[in-house]
Amino acid sequence: MEEILCIGCGAPIQTQDKTSLGYTPQSALDKGLETGELYCQRCFRLRHYNEITDVQLSDDDFLKLLHEVGDSHALVVNVVDIFDFNGSVIPGLSRFVAGNDVLLVGNKKDILPKSVKDKKVIQWLTERAHEEGLRPIDVLLTSAQNKAAIKELIGKIEQYRKGRDVYVVGVTNVGKSTLINAIIQEISGDKDIITTSRFPGTTLDKIEIPLADGSHIYDTPGIIHRHQMAHYLSAKNLKYISPRKGIKPKTYQLNPEQTLFLAGLGRFDFIAGEKQGFTAYFDNELKLHRTKLEGASDFYQKHVGSLLVPPTKKEIEDFPELVRHEFTIKEKTDVVFSGLGWLRVTGPAKIAAWAPQGVAVLVRKAII
């Protein structure tokens, strides 16, 4: 039987394993064969409901993909989420791309407040990349959603690829496919070409986009990263960690021994220091709740899923426990909750930040 490929991601269609790439129900396969528009269930849900489906890419397939990137003579475009560098960095990428140039693209710049300077964000991303062993040839900020800096990105790709193929890599939920679609639309004028046109694919659901000189842009599957907060929330609540509008900062005056809950997704304790303002940079609709530090843990257990949402009652079962990270702040510093946002601390202060187990909490020199 001829192999049938998903026209969204290029994965071979199969009807047996719901957790594997290319799964689609038999009824959807029959309908798709009639209409000629056949999507795997994951692409269908992403396309219609903006829903992330945690599809298993086996370790063997993942290693095969990285080896293929490493063995090729190519430019690697690594797309990361400005709000979630730790959750969007691909484990081991630096080892496999050795010898290939890496162009680091920080997506979702449109969400940052206008007072944030690109230069500071680029410096922060560069430092984080170096800590991960990556030495990008350049760092660029874009917005796939608003098509910001797409022409500049295309120019950078042309500048650095020097006739080579291009591999676009990234974890799920960083906006990689939206970015690819924006690039193709800019070059060819076609809209949503990846989700409406058939491209040759492989068992790794790699999508080949031909370039005029015979080279290709390869759009690779989004790698599942376990340390992304997105995997613990329903489609309805993804908006809180994937804002669509620019963030409006809010300042809270706190006394020592006060706590701010970031809905039920995180917690910030002001342990010691002079009374001061803490400026929050999170999705505009995320509810922050102030309470006393004493008894805060009991407060969380009592109210998570009701007063403190998200997570909802249904999401609590799979939601990891919050883990405490303590810091002593001496100067103006951002306390970053990976994938969620950050709080700016003026300092000096002793603070603790709580995030779901596995989700990173970092401090950096304030970018505003």
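The rules behind the values
Residues numbered from 1 in each chain as written. Predicted model: local features only at pLDDT ≥ 70, side-chain atom pairs only at ≥ 80, totals over all residues. Heavy atoms only, no water. Helix = DSSP H or I, 4+ residues; strand = E, 2+ residues; numbered from the N terminus. Buried < 20%, exposed > 50% of the residue type's maximum accessible area, 1.4 Å probe, protein only. Contact = heavy atoms within 4.5 Å. Areas by Shrake-Rupley, 256 points an atom, 1.4 Å probe, with all protein chains shown as cover. Lys, Arg positive; Asp, Glu negative; His and termini not counted. Charge placed at Lys NZ, Arg CZ, Asp CG, Glu CD. Phe/Tyr/Trp six-rings, centres within 6.5 Å; stacked < 30°, edge-to-face > 60°. Lys NZ or Arg CZ within 6 Å of the ring centre and 35° of its normal. Expected span 1.5 Å × (residues − 1). Arc of directions from axis to C-beta. Pairing = 2+ DSSP bridges. Axes fitted to C-alpha atoms, helices over the stretch in contact; angles between N-to-C directions.

- The chain goes by GTP-binding protein YqeH in an unreviewed UniProt entry, where it is assigned to Streptococcus massiliensis.

Let's talk about the overall build of the chain
Part 1: When its secondary structure is counted, the chain shows eleven helices and 16 strands.
Part 2: Here the chain holds 368 residues, and the buried ones make up 55% of them.
Part 3: Taking contacts inside the chain between residues at least 6 apart in sequence as the whole, the part at least 24 apart equals 72%.
Part 4: Carbon and sulfur atoms provide 48% of the accessible area of the chain, an area that totals close to 17,400 Å².
Part 5: Considering the chain, the positive charge centre built from 47 side chains and the negative charge centre built from 46 side chains are found 9 Å apart.

Concerning the packing of aromatic side chains
The relation between two aromatic rings is expressed through the spacing of the ring centres and the mutual angle of the planes.
Part 1: Summed over all chains, the structure comprises nine aromatic pairs.
Part 2: A centroid spacing of 5.8 Å and a plane angle of 20 degrees characterise the contact between F261 and Y300, whose relative ring orientation is stacked. One end of the pair, F261, is in strand β8 (residues 258-262); the other, Y300, is in helix α10 (residues 296-303), with 39 residues separating them in the sequence. With respect to class, F261 is no different from Y300; both count as buried.
Part 3: Ring geometry for Y281 against W342: centres 4.7 Å apart, planes inclined by 15 degrees, an arrangement best described as stacked. Taken together, the positions of Y281 in strand β10 (residues 276-281) and W342 in strand β14 (residues 341-345) put the pair 61 residues apart, joining distant regions of the chain.
Part 4: Cluster of aromatic residues (ring-pair linked, three or more members): F83, Y281 and W342.
Part 5: We note R267 situated over the ring of W354; from NZ or CZ to the ring centre the distance is 4.1 Å.
Part 6: Geometry around W342 places R364 over its ring, the cationic atom sitting 4.7 Å from the centre.

Some thoughts on helix α6 (residues 118-131)
Part 1: Over its 14 residues, α6 runs 20 Å from end to end, which matches the ideal 20 Å to within 8%, given 1.5 Å per residue.
Part 2: Inspection of α6 places V121, W124, L125, R128 and A129 among the buried residues, and these make up the whole buried set. For α6, the angular spread of buried residues about the axis comes to 135 degrees, placing them on one side.
Part 3: On its buried face, α6 sits against β1 (74-81), α4 (85-88), β2 (101-107), β3 (138-141) and β16 (361-365).

Considering helix α8 (residues 176-188)
Part 1: The end-to-end C-alpha distance of α8 is 18 Å, a good match for the 18 Å that 13 residues give at a rise of 1.5 Å each.
Part 2: If you check which residues of α8 are buried, you get K176, L179, I180, N181, A182, I183 and I184.

Side note on the sheet that holds strand β12 (residues 322-329)
Part 1: If you walk across this open sheet you meet the five strands as β11-β8-β9-β15-β12, and the pairing is antiparallel. A single partner strand is all that each edge strand has here, and the edge strands are β11 (288-292) and β12. If you compare each strand with its neighbour and ignore which way they point, the axes differ by 20 degrees on average.
Part 2: α10 contacts β8, β9 (266-273), β11, β12 and β15 (349-356) of the sheet and is inclined by roughly 25 degrees relative to β8.

Regarding unusual backbone geometry
Part 1: With an omega of -5 degrees, the peptide bond between V309 and P310 qualifies as cis.
Part 2: Its place among the elements puts P310 in the loop between α10 and α11 (313-316).

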